Amino acid sequence: MKLYGNVKSGHAYKVALALTLSQIKYDYQAVDIYVPCQERPPEFRKASRWCEVPCLVKNGESYTQSAAILLMLAREHGVFGGMTQIDKATEWLNWEANRIGMCIPQLLGDLNDGAREWLLERYQTDSSRMSSTLGDQKFLLGEDISIADIAVYGYVSKAEQANLPLQENILQWRERIEALPHFQTADELLS
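As a starting point, this report considers the structure included with it. Here the structure is a predicted model, which is why all the values come from computation and not from measurement.

### Some points on the nonpolar core
The nonpolar side chains of a soluble globular protein tend to be buried with one another.
Then comes step 1: In terms of nonpolar packing, the biggest core is built from 63 residues, with Leu-73, Tyr-123, Met-130 and Trp-173 touching the most fellow members.
Then comes step 2: Each residue touching Met-130, except ones within four places of it in the same chain, is listed here: Trp-92, Trp-95, Leu-140, Val-152, Val-156, Ile-170 and Trp-173.

### With respect to the state of the cysteines
Then comes step 1: Counted according to the given criterion, the structure contains one disulfide.
Then comes step 2: Here Cys-37 pairs with Cys-51 through a disulfide, and the sulfurs are 2.1 Å apart. Measuring handedness by torsion sign, the sulfur bridge of Cys-37 and Cys-51 sits at about 105 degrees and is right-handed. With a gap of 14 residues between them, Cys-37 in the loop between strand S2 (27-30) and helix H2 (42-47) and Cys-51 in the loop between H2 and strand S3 (55-58) connect regions that are remote in the sequence.
Then comes step 3: On the basis of relative accessibility, which here comes to 31%, the residue Cys-37 falls in the partly exposed class.
Then comes step 4: A residue is classified by how much of its surface remains accessible, and Cys-51, at 7% relative accessible area, is buried.
Then comes step 5: Left unpaired, Cys-55 is separated from the closest cysteine sulfur, that of Cys-51, by 9.7 Å.

### A look at the packing of aromatic side chains
Then comes step 1: In total, this model carries five aromatic pairs according to the counting rule given.
Then comes step 2: Centroid distance Tyr-13 to Tyr-153: 6.1 Å. Interplanar angle 55 degrees. Geometry classified as tilted. Of this pair, Tyr-13 sits in helix H1 (residues 10-21) while Tyr-153 is found in helix H7 (residues 147-156), placing the two residues 140 residues apart along the sequence.
Then comes step 3: With a relative accessible area of 2%, Tyr-13 lands in the buried category.
Then comes step 4: For Tyr-153, a relative accessible area of 2% gives the class buried.
Then comes step 5: One aromatic cluster in this structure is built from Tyr-13, Tyr-153, Trp-173 and Phe-183.
Then comes step 6: Positioned above the aromatic ring of Trp-50, the side-chain terminus of Arg-49 is 5.0 Å from the ring centre.

### A word on the side chain of Gln-29
Then comes step 1: Within the fold, Gln-29 resides in strand S2.
Then comes step 2: Owing to a relative accessible area of 17%, Gln-29 belongs among the buried residues under this scheme.
Then comes step 3: Polar side-chain contacts of Gln-29 include one of 3.0 Å to the side chain of Lys-2.
Then comes step 4: Side-chain polar atoms of Gln-29 contact the side chain of Glu-43, separated by 3.2 Å.
Then comes step 5: Residues within four places of Gln-29 in sequence aside, it is in contact with Lys-2, Leu-3, Tyr-4, Gly-5, Pro-41 and Glu-43.

### A word on helix H8 (residues 168-178)
Then comes step 1: Asn-169, Ile-170, Trp-173, Arg-174 and Ile-177 are the residues of H8 that are buried. Taken around the axis of H8, the buried residues stretch over an arc of 145 degrees, which confines them to a single face.
Then comes step 2: Where the residues of H8 are buried, they touch helix H6 (113-134) and H7.

### Quick look at the pattern of salt bridges
Then comes step 1: What the rule picks out here adds up to five salt bridges.
Then comes step 2: In this structure, Arg-99 engages Asp-126 in a salt bridge whose closest nitrogen and oxygen atoms are separated by 2.8 Å. Residue Arg-99 is found in the loop between helix H4 (82-98) and helix H5 (100-107), and its partner Asp-126 is found in helix H6; the two are separated by 27 residues along the sequence. Assigned by exposure class, Arg-99 and Asp-126 land together as buried.
Then comes step 3: Note that Arg-174 is salt-bridged to Glu-160, the shortest N-O span being 2.7 Å. Here the residue Arg-174 occupies a position in helix H8, and Glu-160 occupies one in the loop between H7 and H8, the gap between them amounting to 14 residues.
Then comes step 4: Assessed through its relative accessible area of 12%, Arg-174 is described here as buried.
Then comes step 5: When its relative accessible area of 41% is taken as the criterion, Glu-160 is described as partly exposed.
Then comes step 6: The structure contains a network of salt bridges with shared partners spanning Glu-160, Arg-174 and Glu-178.

Conventions adopted
- Residues numbered from 1 in each chain as written.
- Predicted model: local features only at pLDDT ≥ 70, side-chain atom pairs only at ≥ 80, totals over all residues.
- Heavy atoms only, no water.
- Core = buried A, V, L, I, M, F, W, Y, C linked by side-chain atoms within 4.5 Å.
- Buried < 20%, exposed > 50% of the residue type's maximum accessible area, 1.4 Å probe, protein only.
- Contact = heavy atoms within 4.5 Å.
- Disulfide = S-S within 2.5 Å.
- Helix = DSSP H or I, 4+ residues; strand = E, 2+ residues; numbered from the N terminus.
- Phe/Tyr/Trp six-rings, centres within 6.5 Å; stacked < 30°, edge-to-face > 60°.
- Lys NZ or Arg CZ within 6 Å of the ring centre and 35° of its normal.
- Polar contact = N/O pair within 3.5 Å; in protein donor to acceptor, adjacent residues only side chain to side chain.
- Arc of directions from axis to C-beta.
- Salt bridge = Lys/Arg side-chain N within 4 Å of Asp/Glu carboxyl O.

Written out as structure tokens, the structure is:
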């Protein structure tokens, strides 16, 4: 397997983290996402349908979009709850993409005051929902880590960079993920 990614991409980080935590061997190639598509490596452009990271090539077949890749890994490799958790995890993958995964990366950039206020309000709502879901359980779907946790962690790991507070049980959830065997940061995996 070969993963194309970039250290600034939380989406690429989710895939690299899932592969690493499940000890699935892969090669990595960094892609400069700040240059136009036509200037990116030809083999990447051929593999990545939309010229975006992450792109995972497995047995000559390309997979794009982090949620789709996480679902494929869970299904085909039986990791993070495998087929038994896929339906429940899919809800979280879609929630993350439209909520936390939208707010945090935007809040890392320069915004006008109105946009920043709107995103902060949305982030506070989202983090409260996540905190409520976690309650006394260890992970989003219960006692075991799933692809839902990895998807959400990809950007929650960047909350402090955006000066965003994390509620106590979200901090504890994040610490449990970071304590997993084989855990690595985005800088360690994608630089």
